[in-house]
Amino acid sequence: MTVSAPTENEPKAEITASPEQLKAERPSRRTLFDFIKQQPLGTIGFLIIVILFISAIFAPDVAPYDPEEVDFMASPALGGGAPGPEHLLGGDAFGRDILSRLIFGARTALSIGFFSAFIGCSIGAIIGIVSAFAGGKVDILVQRGIDLLLSFPIIILAILVIAIVPKNVVFGIDINVIIAISIPFIPKCARVIRSAALSIVTLAYVDAAKAAGYRGSRIVFRHILPNVVAPYLILITAYIGQAILLEASLSFLGLGVVEPTPSWGLMLAGVNSDYYITAPWMIVFPGLAVTLAVFAFNLLGDSLRDWLDPKLKL
Amino acid sequence: MLRYTAQRLLLVIPTLIAVAILVFFLVRVLPGDPVEVKLIGEFGDVNPELIYKERKRLGLEDPLHIQFVNFMVGLPQGDMGISLVTERPLTEEIGARITISIELAFFATLLSVIIAFPLGTAAALYRGTWFDYVIRIITIGGLAVPSFWFGMLIIMALLATVGKLPSLDTAGLFEDPMANLYTLFWPALSVGYRYSSVIARMLRSSILEVLAEDYIRTARAKGLYERIVIVKHGMRNALLPTVTVVGLEFAFLIGGLVVTEQVFNINGIGKMFVEAVQFNDMTMLQGLVLIVATSFVLINLLVDLLYAALDPRIRYQA
C-alpha cells in the first residue's frame, strides 16, 4: 500500500503557536526530585524498600550472626533468647538469631516478590496487548480464559500450582514458589493492560499507522507499548507487595519455602503455642517485617499511580 | 431486570463447566501417585502389583476420558466422587466441615461491613483532619498486615489478658448463638481486618467523589438538611462501587480462611484444603477447588445483579 502526498486542495494544519510558546506548553520532564517533592508518602515507601534491598544484598556483612547458627543457650525452650545486647531481636526455638534470619529472609521475600510480580505482570501485559490489538474472536477467547482464571481466589490458585509444579531450587531461590505466585497475577494484569491498550488501539494515530501499511509488530512496539508502560510499572510495584504477602502465607502453611532457607512466613510457622506467652518476640518481629515490606510497596505503588496515571483504576 | 438476570445466568453456566473441566485436568497432572503414597504410609514398602490393584479399585486405571465422563455426569447429581485417603464420599467429607467455614465467612463479611461503613464515611466527612489520618493509617495497615499474623497477635493478646482462648468446640449457631458467635468473633476479626480496610478506603474515596458532584451542591443550595444531602444523595450513589468491592474482596476472604483456620485450628474447608495438598488427595483437592471457584462465580453473579438493581444504567446497557 502506498500513501500519496497531500495535494494543494487538502487542508493543512496551521501552526499558530510560536516555538517559545510550544516549548513552554510542553510538559516538563519529571525527575526523581519532583517525585520526592510531590509524593512524600511514596518517598518513605521507596526509602524503606531501598533499605530492605541493601540489607538483602549485603546480608552476610550486615547480619550479626549466621542465620543457621544454632545456639541452644539462646533458645526460649531453655529459658533464654530474650531480646538483649547479644541478640537484638531475640533468638528462635533453636537459638538462632532472629535479626540475622530477618535480614537473610529479606533476600527470599524480595527475590520471590520481585521475580513473581515481574513474570506475572510481563506475561499478563503481553496477553493484554495481543488481546487488545488482535480484537475480534481472539479477544473474546482470551477474555473468557481470563474470566476462567479469575474465578479462582489467588491463594487457592497458588496452592494448586504448588501442588502441581515439582520443587526446584536454583541459586537458593524456590522456582516453584515463584511460578505459583506469578500465575494468579497473569489474568489480573492482562485485564488492566488490555483496557489501557484498548484505549490506544482506537486512537486515530494507530489507524493512521495501520493505513500507512506498517506491520503489527511496529505498531505494537512504537505506539502501544510506550503507552502501557505506566500501568505496567504501577502493577509490578503493587504486586511485589502482594507477592511478598503470598509467599509469607504459603511458607506459613508449609507449602512455600522450606527450612533451612530463612523466610519470614516460615519463621512464623515454627512458632509453638507455648511461645505465645514465653517468647512473643518470635511472633512479633517476623510479622512486622512482612507488614513493613508490604506497606512500603503499597505506599510506593499508590504514589506511583497518583504520579504517573491518576485516572488508572486498579 | 428480568432480561439482564437471564443473560447473566446464561453466562454463568459455561463458566462453571469450564471451571470443572480445568480443575479435572489440573489435578490429574499432580506429580506423584497418591495411591502409592497412601500405601507406603500404611504398610511401608509395597509392590507395584498391589498399587495397580488399589488404583484399579479406585477407578484411577480407567482411561482418562472415562474418568472425565464419570466426573462430569456425577457433578450435576451432587456426586463428586470419593476421597482417595478416607474413601468416604466427598460430599459427606466436605459437608461435615463446610458449615463452620461458611459461617466464618459471613460473620467476617458482616463484621467488616459494620467496621468499614462508619470508618469510611467518617474519614470522608472529616477529610484532612487528624481523624481522617488515623483512619487512613488503620486502613493502610489492614492491607499490609498478613491475616495469619494478625490472628497470632490476637491469640497472644487473649492469652496475656484472659489467659485462655475461646473453646472451638462450642455449640452450633442455632443451639447457643451467643457462645458460637463469641468463638468465631476473633477469627472473623482476623480475616476481616483486610476486608474492612478495603471497603472503608473505597467508601471514603467514592463518597468524596460523589460529594464533589453538582447535584450535591444543588441539594445544599435548595437548603436541604446536611444529613439528608449526605445520606440520600451522597451515600446512595457512593454505595455502588462499594458493593462491587464487597463482592470482589469476598474471594480474598476465602483465601484468608485457608490461613486463618490454620492459626485458630478451625476444622473448616480452608484447613481441609491444605491437608488435601499435604496428603496428595487428588479428588479431595478437585472437589474443594470446584466448590470454592463455584461459590466465587456465584457471588460475582450476585454482585452483578445487585449492582444492576442499584444502578439502572447497567441493565440498560446490557
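Bear in mind the structure is a predicted one, so any value in this text is a computation, not a measurement.

Conventions adopted
Residues numbered from 1 in each chain as written. Chains lettered and ligands numbered in written order. Predicted model: local features only at pLDDT ≥ 70, side-chain atom pairs only at ≥ 80, totals over all residues. Heavy atoms only, no water. Contact = heavy atoms within 4.5 Å. Buried area = accessible area lost by both parts, 1.4 Å probe. Salt bridge = Lys/Arg side-chain N within 4 Å of Asp/Glu carboxyl O. Polar contact = N/O pair within 3.5 Å; in protein donor to acceptor, adjacent residues only side chain to side chain. Domains from an automatic or database assignment. Helix = DSSP H or I, 4+ residues; strand = E, 2+ residues; numbered from the N terminus. Expected span 1.5 Å × (residues − 1). Bend = angle between axes of the 7 residues up to and from the residue. Phe/Tyr/Trp six-rings, centres within 6.5 Å; stacked < 30°, edge-to-face > 60°. Buried < 20%, exposed > 50% of the residue type's maximum accessible area, 1.4 Å probe, protein only. pLDDT = per-residue confidence, 0-100. Axes fitted to C-alpha atoms, helices over the stretch in contact; angles between N-to-C directions. Parallel < 35°, antiparallel > 145°, perpendicular 65-115°, else oblique. Left-handed = near helix turned anticlockwise from the far one by under 90°.

Of the residues lining the interface, 44 residues belong to chain B; the matching set on chain A comes to 36 residues. Taken together, both faces of the contact between chain B and chain A bury some 3,600 Å²; the carbon and sulfur share is 82%. There are one salt bridge connecting chain B and chain A. Between Arg 201 of chain B and Asp 302 of chain A there is a salt bridge; the shortest N-O distance is 3.2 Å. Joining chain B to chain A, the criterion identifies two residue pairs in polar contact (both at pLDDT 80 or more).

Now for the domain arrangement of chain B. Domain boundaries in chain B define domain 1 (2–77) and domain 2 (97–278). Measuring from the centre of the C-alpha atoms in domain 1 of chain B to the corresponding centre in domain 2 of chain B gives 36 Å.

The subject of this paragraph is helix α10 (residues 216–252) of chain A. Residue and element names in this part refer to chain A. Here α10 spans only 46 Å end to end across 37 residues, well under the 54 Å set by a 1.5 Å rise per residue. In α10, a bend of some 50 degrees at Leu 225 exceeds every other bend along the element, and Pro 226, a proline, comes one to four places later. Looking one or two residues beyond α10, the residue adopting positive phi is Gly 254, at roughly 85 degrees.

A few words on the packing of aromatic side chains. Think of a pair of aromatic rings as described by two things: how far the centres are apart, and how the planes are tilted against each other in angle. Per the stated rule, a full pass over the model turns up 11 aromatic pairs over all chains. For the ring pair Phe 252 of chain A and Phe 148 of chain B, a centre distance of 4.3 Å and an interplane angle of 15 degrees mean the geometry is stacked. Of the two residues, Phe 252 of chain A is situated in helix α10 and Phe 148 of chain B in helix α7 (residues 147–161); the pairing between them involves two chains. For the ring pair Trp 130 of chain B and Phe 131 of chain B, a centre distance of 5.8 Å and an interplane angle of 80 degrees mean the geometry is edge-to-face. Given the relative accessible area of 65%, Trp 130 of chain B is considered exposed.

Let's shift gears to the confidence of the model for chain B. Residues and elements named next belong to chain B. Averaged over all residues, the pLDDT of chain B is 82; the fraction at 70 or higher stands at 93%. Element-level pLDDT for chain B is lowest in helix α13 (residues 312–317), with a mean of 67, against a maximum mean of 89 in helix α9 (residues 214–221). Overall fold confidence (pTM) sits at 0.83, and the ipTM for the predicted complex is 0.82.

Right, let's get into the packing of helix α6 (residues 130–144) of chain B against helix α8 (residues 177–211) of chain B. Residue and element names in this part refer to chain B. Contact geometry of α6 with α8 gives a least axis separation of 8 Å together with a crossing angle of 135 degrees. Taken together, α6 and α8 sit at an angle that is classed as oblique. Crossing of α6 over α8 shows left-handed handedness. Contacts from Asp 132, Arg 136, Ile 138, Thr 139, Ile 140, Gly 141, Gly 142 and Leu 143 of α6 reach α8 at Tyr 193, Arg 194, Ser 197, Val 198, Ala 200, Arg 201 and Arg 204.

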